[in-house]
Amino acid sequence: MILNLSDLSDEPLHAQVSRQIRAKILSDDLPDGAALPSIRGLAKEQRVSVITVQRAYDDLEREGLLRSRRGKGFWVASIPEGRKQKMAVERFETALARLVAHAAA
């Protein structure tokens, strides 16, 4: 899985990981039922801590985007297309509001 992580960003690494995986899920780059790399595998591939990936996967699981099975791994949850669209719009509106507030300041 290709992610673009930066130590220079103000955003924590686990947030970068979860944001980029969320974007892949909502844009159907990762379809329903697709297996994600193991926590250790993704951590090694991205050269980050196992805890960083664990936090990102936990965030995505709480949002209902991932499902897990202990000892088996993580998969993209089955999400209705309408809900994916709604989640994408909400994320966009939140990001846009932050940008507008920052620009106004």
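Preceding block: the structure.
Residues numbered from 1 in each chain as written. Predicted model: local features only at pLDDT ≥ 70, side-chain atom pairs only at ≥ 80, totals over all residues. Heavy atoms only, no water.

(A) Fine view of the overall build of the protein. In terms of helices and strands, the protein carries four helices and two strands. Its helices and strands taken in sequence order, the protein reads α-α-α-β-β-α from the N to the C terminus. For the C-alpha atoms alone, the extent of the protein along its principal axes is close to 50 × 35 × 20 Å. Sequence-distant contacts in the protein: of pairs separated by 6 or more residues, those separated by 24 or more amount to 49%. Counting only carbon and sulfur atoms, one obtains 53% of the accessible surface of the protein, whose full area is about 7100 Å². Mean positive and mean negative side-chain charge positions of the protein (17 and 14 charges, respectively) differ by 7 Å. (Helix = DSSP H or I, 4+ residues; strand = E, 2+ residues; numbered from the N terminus. Contact = heavy atoms within 4.5 Å. Areas by Shrake-Rupley, 256 points an atom, 1.4 Å probe, with all protein chains shown as cover. Lys, Arg positive; Asp, Glu negative; His and termini not counted. Charge placed at Lys NZ, Arg CZ, Asp CG, Glu CD.)

(B) Seen up close, the pairing of strand β1 (residues 66–69). Bridging between β1 and strand β2 (residues 73–76) involves four bridges; their strand directions are antiparallel. Opposite serine 68, over in β2, you have phenylalanine 74 as the bridge partner. Between β1 and the antiparallel strand that follows it, β2, lie three residues; glycine 71 among them carries a positive phi value of about 80°. (Pairing = 2+ DSSP bridges.)

(C) Quick peek at the environment of leucine 26. If you trace the backbone, leucine 26 turns up in helix α1 (residues 13–26). Judged by relative accessible area, leucine 26 falls into the buried class, the value being 15%. Expressed as a C-alpha distance, the spacing of leucine 26 and glutamate 63, which sit 37 residues apart in the sequence, is 12 Å. Those residues in contact with leucine 26 that lie beyond four places of it in its chain are Leu65, Lys84, Met87 and Ala88. (Buried < 20%, exposed > 50% of the residue type's maximum accessible area, 1.4 Å probe, protein only.)

(D) Spatial organisation of the packing of helix α2 (residues 39–46) against helix α3 (residues 50–62). Their axes nearest at 8 Å, the elements α2 and α3 cross at an angle of 120°. Viewed along their axes, α2 and α3 adopt a mutual orientation that is oblique. α2 and α3 meet at a crossing whose hand is right-handed. Of the residues in α3, those in contact with Ile39, Arg40, Leu42 and Ala43 of α2 are Val50, Val53, Gln54 and Tyr57. (Axes fitted to C-alpha atoms, helices over the stretch in contact; angles between N-to-C directions. Parallel < 35°, antiparallel > 145°, perpendicular 65-115°, else oblique. Left-handed = near helix turned anticlockwise from the far one by under 90°.)

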